[in-house]
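Notes for the structure review
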Amino acid sequence: MSDNRQSLSDLASLTQQAAQQPAAAPAAEGTPAAEAPVQAQPTTPLRAQELDKYGRAYATGRRKDAVARVWLKPGSGKITINGRDQEVYFARPTLRLVINQVFGITEREGQYDVICTVKGGGLSGQAGAVKHGISQAITKYEPALRAPVKAAGFLTRDSRTVERKKYGRAKARRSFQFSKR
């Protein structure tokens with residue numbers, strides 16, 4: 001019986017041999033080395049561009065109890081929410097930063113106009129819903145951008161919501177104050 005134990009150095013030598021072997025194989029067969037290398041095609045086909053009759057991409061974004069309907073079209077970078085400019089509707093800079101994260105990841109700042117209506121929830125949930133909607137819409141307008149947006153996690157709907165209040169409790173989990181007497 002032979003001993004089949006191997007060390008890391010054996011593994012390194014095996015990987016080096018495997019890397020050298022395909023390069024040596026065409027030369028041994030006598031095929032010309034001037035052949036163009038085979039380019040790997042993407043395994044997933046690009047999706048089709050989805051636009052309405054006005055040339056806009058539409059998507060719905062959700063976060064907590066907020067729902068945002070988003071229309072995206074090429075433009076100067078103006079973002080309008082419920083008929084108001086983003087600086088007026090989202091006065092906090094952190095909320096505007098959340099909305100513009102998608103354009104930063106895709107390197108498309110100032111290239112698209114966004115018109116959106118948002119209902120429900122508070123301002124933080126609404127900003128998250130608008131971000132989710134913009135992410136969905138930009139992938140419908142430019143399907144090639146789906147990979148970086150998905151890698152950043154912007155296409156996934158954040159399903160965390162507030163836990164409901166339970167009976168016999170002060171809040172969802174907090175008990176009433178204990179009184180010894």
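Let me sum up the structure you'll find in this document. One numbering rule holds for all chains: residues counted from 1, following each sequence as written. Selection of residues for local features in this predicted model requires a pLDDT of at least 70, selection of side-chain atom pairs for listing and counting requires 80 or more, and totals for whole chains, interfaces and linings are taken over all residues. To get the side-chain values, all heavy atoms of the structure are used, and hydrogens and water are removed first.

The next subject is the environment of Gln136. Helix numbering and strand numbering both begin at the N terminus, where a helix is a DSSP run of H or I of at least 4 residues and a strand a DSSP run of E of at least 2. Looking at the element boundaries, Gln136 is found in helix α4 (residues 123-141). In sequence terms Gln136 and Phe154 are 18 residues apart; their C-alpha atoms lie 8.3 Å from each other. What makes two residues a contact is simply this: any of their non-hydrogen atoms within 4.5 Å. When near neighbours in sequence (up to four residues on either side) are disregarded, Gln136 contacts Ala59, Thr60 and Leu155.

This next bit is on the sheet that holds strand β3 (residues 79-81). Pairing between strands is defined by DSSP: at least two bridges between the two strands are required. Here we have five strands laid out as an open sheet, ordered β1-β2-β5-β3-β4, and mixed in their pairing. Each having just a single partner strand, β1 (57-63) and β4 (84-85) make up the two edges of the open sheet. Relative to strand β5 (residues 112-119), β3 runs parallel, the two sharing three bridges. Counted as the bridge partner of Ile79 is Val114 from β5. In this fold helix α3 (residues 93-106) packs onto β2 (66-74), β3 and β5, with an angle of close to 145° to the strand it touches most, β3. Under this scheme, a helix contributes an axis fitted over its contacting stretch, all axes are lines through C-alpha atoms, and angles between N-to-C directions fall in the 0 to 180 degree range.

Next up on the list: the nonpolar core. Burial of nonpolar side chains together is a common tendency in soluble globular proteins. To qualify as a nonpolar core, a set must consist of buried Ala, Val, Leu, Ile, Met, Phe, Trp, Tyr and Cys residues joined through side-chain atoms within 4.5 Å. Each residue is placed in one exposure class: buried if its accessible area under a 1.4 Å probe, protein chains only, is under 20% of its type's maximum, exposed if it is over 50%, and partly exposed if it falls in between. Counting 29 residues, the largest nonpolar core has Leu72, Ile81, Ile99, Phe103, Val114, Ile134 and Ile138 as the members making the most contacts within it. Of all the secondary structure elements, the ones that give two or more residues to this core are β1, β2, β3, α3, β5 and α4. At seven residues, α4 tops the list of elements feeding residues into this core. Residues in contact with Phe103, not counting those within four places in the same chain, are Leu72, Ile79, Arg108, Glu109, Tyr112, Val114, Ile134 and Ile138.

Looking at the element boundaries, Val149 is found in helix α5 (residues 146-151). Remark: the alpha-carbon pair of Val149 and Phe103, spanning 46 residues in sequence, is separated by 9.5 Å. Excluding its chain neighbours within four sequence positions, the residues that come into contact with Val149 are Thr106, Ser135, Ile138, Thr139, Phe154 and Leu155.

What follows deals with unusual backbone geometry. The phi torsion at Asn82 lies on the positive side, around 50°, for a residue other than glycine. Tracing the backbone shows Asn82 in the loop between β3 and β4. By relative accessible area, which is 32% here, Asn82 ends up partly exposed. In this model, Glu107 sits at a positive phi of 60°, which is unusual for a non-glycine residue. Looking at where Glu107 falls in the secondary structure, it is placed in the loop between α3 and β5. Judged by relative accessible area, Glu107 falls into the exposed class, the value being 61%.

Moving on to the side chain of Thr139. Mapped onto the fold, Thr139 is located in helix α4. A distance of 2.7 Å separates the side chain of Thr139 from the backbone oxygen of Gln136, its partner in a polar contact. In this structure Thr139 touches Leu145, Arg146, Val149 and Leu155, once residues within four positions along its chain are discounted. In the analysis that follows, any N or O atom pair within 3.5 Å is treated as a polar contact, provided that within protein one partner can donate a hydrogen and the other can accept it, and provided that, for residues neighboring in sequence, both atoms belong to side chains.

Bringing the pairing of β5 into the picture now. Note: β2 against β5, eight bridges, orientation antiparallel. When the bridges of β5 are listed, Trp71 appears paired with Ile115.

A few words now on the packing of aromatic side chains. Aromatic pairs are defined between Phe, Tyr and Trp rings, using the six-membered ring for Trp, whenever the two ring centres lie within 6.5 Å; interplanar angles under 30 degrees are classed as stacked, those over 60 as edge-to-face, and all others as tilted. Enumeration over the complete set of coordinates arrives at three aromatic pairs. Ring centres 5.1 Å apart and planes at 45° place the aromatic pair Tyr58 and Trp71 in the tilted group. Residue Tyr58 is found in strand β1, and its partner Trp71 is found in strand β2; the two are separated by 13 residues along the sequence. The class for Tyr58 is partly exposed, based on a relative accessible area of 31%. Ring geometry for Tyr89 against Phe90: centres 5.0 Å apart, planes inclined by 85°, an arrangement best described as edge-to-face.

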